[in-house]
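# What the coordinates show
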Amino acid sequence: MRYEDTGVHLEAKAKALKGAREALEATYTPEVLRGLGAFGGLWDATRLKGMEHPVLVATTDGVGTKTLLALKVGDVSGLGFDLVNHSVNDLLCQGAEPLFFLDYLAASRLDPEVLAGLLRSLAEACRAQGIPLLGGETAEMPGVYREGAWDVVGTLVGVAEQKEVLGPERVREGDAILALPSSGPHTNGYSLIRRLVEGLDLEAPLPELGESLKEALLRPHRAYLEEFRTLKAQGVELHAIAHITGGGVYENLPRALPEGLGAEIQKGSWPVPPIFPYLQRLGDIPEEEMYRVFNMGLGLLLILPEGEAERALTLVNAHRVGRVVRGQGVHLL
């Protein structure tokens, strides 16, 4: 027998990696000592010498079932942005900035065109955020993954000064809550979305959306690194950040709050992208369920002192959506 008889195609993998090498290496920064093709990426940590008390922060996540929708319409160009940007936002919740990224791409069968498209998308996303794609793993495992499915996962490592680490311990009653808007569903709720749009023409323009379902649903996850750096550079004091991902505002905002404090969120204080009411009507979904599954236009929630709110609103595109109150949980008003 040959290895190819088991469904593994080593030559296809090698060809795709070779074709994407230039794009991947274009993400390298001066700190990268060894990257693609090595058994482990090397990153020069002397960059951290100038920090007073550096704290490394690591986060791992995946794109999930949004990949199936992208594969169905034959467009994976945004999935790398979904993965990288989601990971960047998770780092921001700790007050950290990214250092380097690692990816994991796996399928039952490695289609060279899909693999090359994913690698290019990852490289473009990393380059857009100034993050080196230090390495990763590409695996073909028939029997482990369902035929036609892909797993797109990544790990991002960043750093923060210990005294600048954000979290619930900083939050105080009366703090303001600002929202940086999302670009759509981002990477969450796609198991439900796929069920809702099954059988629909994803390419046809929809007047109520001003675009097609394909465009609305495959728009990449937004990254908020630029806004974070702007606020930091201007000395705006942040207490905590909540990335509104799976579980919506009900599950994610409490993760940024201490015991004994909750949040009031005022509905109507921010624009809800039209894709959400469209999906709600399509599935006759209760409003509470919508806020529990989707971000509903709330991309990243910033918790900061009331006295800093107005200044922050002049620096970045954000909306005042609520405040921290005594109690627990999230209450939509």
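Residues numbered from 1 in each chain as written. Predicted model: local features only at pLDDT ≥ 70, side-chain atom pairs only at ≥ 80, totals over all residues. Heavy atoms only, no water.

### Details of the overall build of the protein chain
- Helix and strand counts for the protein chain stand at 11 helices and 14 strands.
- Taken over the C-alpha trace, the protein chain has a radius of gyration of 21 Å; the compact-globule value for 333 residues is 20 Å, and the two agree within 12%.
- Along the longest, intermediate and shortest principal axes, the C-alpha atoms of the protein chain span 70 × 55 × 30 Å.
- Here the protein chain holds 333 residues, and the buried ones make up 52% of them. (Helix = DSSP H or I, 4+ residues; strand = E, 2+ residues; numbered from the N terminus. Rg over C-alpha atoms; globule rule 2.2 N^0.38 Å. Buried < 20%, exposed > 50% of the residue type's maximum accessible area, 1.4 Å probe, protein only.)

### Considerations on the environment of P142
- By the element assignment, P142 lies in the loop between β5 (133-140) and β6 (150-161).
- You can call P142 partly exposed: its relative accessible area is 35%.
- As for P142 and A106, which are separated by 36 residues in sequence, their C-alpha atoms are 9.9 Å apart.

### Quick notes on the sheet that holds strand β13 (residues 319-326)
- One open sheet holds the 6 strands; their spatial order is β10-β12-β7-β13-β11-β14, and the pairing between them is mixed. Strands with a single pairing partner mark the edges of an open sheet, and in this sheet they are β10 (240-243) and β14 (330-332). The average undirected angle you get between the axes of adjacent strands in this sheet is 25 degrees.
- Where strand β11 (residues 261-265) lies against β13, 5 bridges are found, and the strand directions are antiparallel. Bridge pairing in β13 places L261 opposite R326.
- Relative to the sheet, helix α3 (residues 79-92) contacts β10 and β12 (298-304), its axis offset from that of β10 by approximately 155 degrees. (Pairing = 2+ DSSP bridges. Axes fitted to C-alpha atoms, helices over the stretch in contact; angles between N-to-C directions. Contact = heavy atoms within 4.5 Å.)

### Digging into the side chain of E308
- You can see E308 is positioned in helix α11 (residues 306-315).
- Take E308: its relative accessible area is 13%, and that puts it in the buried class.
- Discounting chain neighbours no more than four positions away, the residues touching E308 are G235, V236 and E237.

### Describing the state of the cysteines
- Scanning all chains against the criterion turns up 0 disulfides.
- Counting only cysteine sulfurs, C93 is the nearest neighbor of C126, a cysteine outside any disulfide, at a range of 19 Å. (Disulfide = S-S within 2.5 Å.)

### Examining helix α2 (residues 66-73)
- α2 sits mainly inside the fold: 6 of its 8 residues count as buried.
- Regarding α2, the residues found buried are K66, T67, L68, L69, A70 and V73.
- In this structure, the buried residues of α2 make contact with α3, β6, α5 (190-196) and α6 (213-218).
- The first or second residue beyond α2 is G74, which carries a positive phi of 70 degrees.

### Things to note about the side chain of H186
- Assignment of secondary structure puts H186 in the loop between β7 (176-181) and α5.
- A polar atom in the side chain of H186 sits 3.1 Å from the backbone nitrogen of S183. (Polar contact = N/O pair within 3.5 Å; in protein donor to acceptor, adjacent residues only side chain to side chain.)

### Some words on the pairing of β5
- In terms of burial, β5 is a largely internal element, 6 of the 8 residues being buried.
- The pairing of strand β4 (residues 97-107) with β5 spans 7 bridges and is classified as parallel. Along β5, the bridge assignment pairs F101 with L133.
- Note on the crossover from β4 through helix α4 (residues 112-129) to β5: the handedness is right-handed. (Right-handed = clockwise from strand over helix to strand, strands pointing away.)

### As for the sheet that holds β6
- What the 4 strands build is an open sheet, ordered β3-β6-β4-β5; its pairing is mixed. Either end of the sheet is taken by a strand with one partner, and the two such strands are β3 (54-62) and β5. In this sheet, neighbouring strand axes are inclined to one another by 15 degrees on average, regardless of whether the strands run parallel or antiparallel.
- Judged from the 10 bridges that link them, β4 and β6 form a sheet pairing that is antiparallel. Among the inter-strand pairings, P98 is bridged to a residue of β6, identified as G158.

### Quick notes on unusual backbone geometry
- For H186, which is not a glycine, the phi torsion comes out positive at approximately 60 degrees.
- According to the relative accessible area criterion, H186 is buried, its value standing at 0%.
- Unusually for a residue other than glycine, M296 sits at a positive phi of about 55 degrees.
- Within the element layout of this structure, M296 appears in the loop between α10 (287-293) and β12.

### Concerning a positive patch on the surface
- A cluster of basic residues, K72, R146, R194 and R195, forms a positive patch on the protein surface.
- Topologically, R146 is positioned in the loop between β5 and β6. (Patch = residues over 30% accessible without salt bridge, like charges linked within 9 Å, V, L, I, M, F, W, Y side chains within 5 Å. Areas by Shrake-Rupley, 256 points an atom, 1.4 Å probe, with all protein chains shown as cover. Salt bridge = Lys/Arg side-chain N within 4 Å of Asp/Glu carboxyl O. Lys, Arg positive; Asp, Glu negative; His and termini not counted. Charge placed at Lys NZ, Arg CZ, Asp CG, Glu CD.)

Purely geometric stuff here, so don't read any function into it on its own.
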